[in-house]
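# A look at the structure
Spelled out, the chains give:
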Amino acid sequence: MHVVVNAAASADGKLSTRRREQVTISGPDDFARVDRLRAASDAVLVGVGTVLADDPHLTVDDPALREERETRGDAGNPARVVVDSSGRTPLDARILDDAATTYVVVARDATADRKASLADAGAEVLVAGDERVELSAALSKLGERGVEELMVEGGGEIIYSLFAAGLVDELSLYVGSLVIGGREAPTLADGPGFVESFPQLSLREVGRVDDGVLLRYDVVGSIESS
Ligand SMILES: NC(=O)C1=CN([C@@H]2O[C@H](COP(=O)(O)OP(=O)(O)OC[C@H]3O[C@@H](n4cnc5c(N)ncnc54)[C@H](OP(=O)(O)O)[C@@H]3O)[C@@H](O)[C@H]2O)C=CC1
Ligand SMILES: Nc1nc(O)c(N)c(N[C@@H]2O[C@H](COP(=O)(O)O)[C@@H](O)[C@H]2O)n1
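This structure is a prediction, so every number in the text was calculated from the model and none was measured. Residue indices begin from 1 for each chain and proceed along its sequence in written order. As they are written, the chains are lettered A onward and the ligands numbered 1 onward, keeping that order. Two thresholds apply to this predicted model, a pLDDT of at least 70 for residue-level local features and 80 or more for giving and counting side-chain atom pairs, whereas whole-chain, interface and lining totals are computed over all residues. Side-chain metrics rest on all non-hydrogen atoms present in the structure, leaving aside hydrogens and water.

## So, the site of ligand 2
Each residue is tested against the molecule or strand, and it is near if at least one of its non-hydrogen atoms lies within 4 Å. Among the 17 residues in the neighbourhood of ligand 2, the closest are listed as Val23, Ile25, Ser26, His57 and Leu58. Side-chain atoms alone can form a polar contact between residues adjacent in sequence; in general such a contact is a pair of N or O atoms within 3.5 Å, and within protein one must be able to donate a hydrogen while the other accepts it. A distance of 2.9 Å separates an oxygen atom of ligand 2 from a polar side-chain atom of Asp54. Glu153 places a main-chain nitrogen or oxygen 3.0 Å from an oxygen atom of ligand 2. To be clear on the numbers: accessible area is Shrake-Rupley with a 1.4 Å probe, and residue cover counts the displayed protein chains and nothing else. Surface burial for ligand 2 is 83%, taken as the share of its 530 Å² of free accessible area covered by protein chains. When contributions to the shell around ligand 2 are tallied by element, the ones reaching two or more residues are strand S1 (2–9), helix H1 (28–39) and helix H2 (48–54). Secondary structure elements are defined from DSSP: runs of H or I of at least 4 residues count as helices, runs of E of at least 2 residues count as strands, and each element is numbered from the N terminus. The element that contributes the greatest number of residues to the shell around ligand 2 is H1, accounting for three residues. Tallied by class, the residues present in the shell around ligand 2 amount to seven nonpolar, six polar and four charged. Amino acid classes used here: Ala, Val, Leu, Ile, Met, Phe, Trp, Tyr, Cys and Pro are nonpolar; Asp, Glu, Lys and Arg are charged; the rest, including Gly, are polar.

Structure (structure tokens):
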């Protein structure tokens, strides 16, 4: 499986505000790029924190891109994936509508009731891990269901865990021209943070998009602190 993380950050590296409310950081050309990236993916993954904060839809906006997917025999929209250990995804979340297949990946400890409610609401419930979702097992289960190209759209906790597990191949980061600030505001990689060994990136592309900068990196291993 090939895993691409895509995110938009402010110039000070924040994904949203300290209130965890969504901020429009990308401009129209960057949103169009994100739409193309979704259209080129088999599935788009987020953590449950992003579902609770943003109630995202995660579908392809441009009808021409959906048509291209259908012409090549794919569903109009990629599958959507929520990583959600205890099944906290609200049953009326937009991600559970019938626009695409939605996998909710829970841990074994999620209650049977919650799993059944999510399935009734339209999700395909997958189990990976005991108390918390184990990400390499989750990605294996998605692979078994035909997911080869996986796009990750945040947030900071899930992105950190994917880097920590060595599961990220590429990072596309749009840096918008605004400052959000706030020590509690989500950043690209939150979690406990790295202290001795850090994911090492190799810059493949840099360019101006809208009034910001798009940085594309390959993940090439790890770098030790000196
Ligand atoms: N600008 C941008 O590009 C984007 C911005 N955002 C912003 O980010 C914020 C949400 O980010 P955040 O709160 O970090 O939420 P995440 O979307 O990263 O979800 C985190 C949750 O995922 C669940 N989870 C399950 N398994 C794991 C695991 N192995 N590792 C980590 N998490 C796991 C946890 O909940 P549990 O323990 O219950 O399973 C955890 O709290 C919002 O403010 C949103 O607006 C989000 C996406 C993109
Ligand atoms: N690429 C990008 N730029 C921004 O400025 C953003 N705020 C985000 N947010 C992400 O997009 C999701 C919303 O998707 P839908 O429009 O509902 O399909 C949101 O949940 C974040 O993951 N992304």
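## Regarding the nonpolar core
Among soluble globular proteins, nonpolar side chains are generally buried collectively. Buried residues of nine kinds, namely Ala, Val, Leu, Ile, Met, Phe, Trp, Tyr and Cys, make up a nonpolar core once their side-chain atoms join them within 4.5 Å. Working definition: with a 1.4 Å probe on protein chains only, accessible area under 20% of the residue-type maximum means buried, over 50% means exposed, and in between means partly exposed. In terms of nonpolar packing, the biggest core is built from 33 residues, with Leu45, Leu142, Leu150 and Val152 touching the most fellow members. The residues touching Leu45, leaving out its near neighbours within four places in the chain, are Val81, Val83, Leu139, Leu142, Leu150, Met151, Val152, Glu153, Gly154, Ile158 and Leu162. Ranked by size, the runner-up nonpolar core spans 16 residues in total, among them Val48, Val51, Ile95 and Met151. Should any heavy atoms of two residues lie within 4.5 Å, those residues are considered in contact.

## Remarks on the site of ligand 1
The immediate surroundings of ligand 1 are formed by 28 residues, with Ala8, Ser16, Thr50, Ser85 and Ser161 found nearest. At 3.1 Å, a backbone N or O of Gly49 approaches an oxygen atom of ligand 1. Thr50 places a side-chain nitrogen or oxygen 2.6 Å from an oxygen atom of ligand 1. Protein chains shield 88% of the accessible area of ligand 1, which is 930 Å² for the free molecule. Contributions of two or more residues to the shell around ligand 1 are made by S1, H2 and helix H6 (156–164). The leading source of residues in the shell around ligand 1 is H2, at five residues. A class-by-class count of the residues in the shell around ligand 1 yields eleven nonpolar, ten polar and seven charged.

## Thoughts on the UniProt feature "domain: Bacterial bifunctional deaminase-reductase C-terminal" (unreviewed entry) in the protein chain
As annotated by UniProt and renumbered to match this structure, "domain: Bacterial bifunctional deaminase-reductase C-terminal" (unreviewed entry) occupies residues 2–215. The span residues 2–215 is 26% helix and 25% strand, and its two end C-alpha atoms sit 18 Å from each other. UniProt positions are given in the numbering used here, feature names are shortened, and annotations may be inferred rather than shown by experiment.

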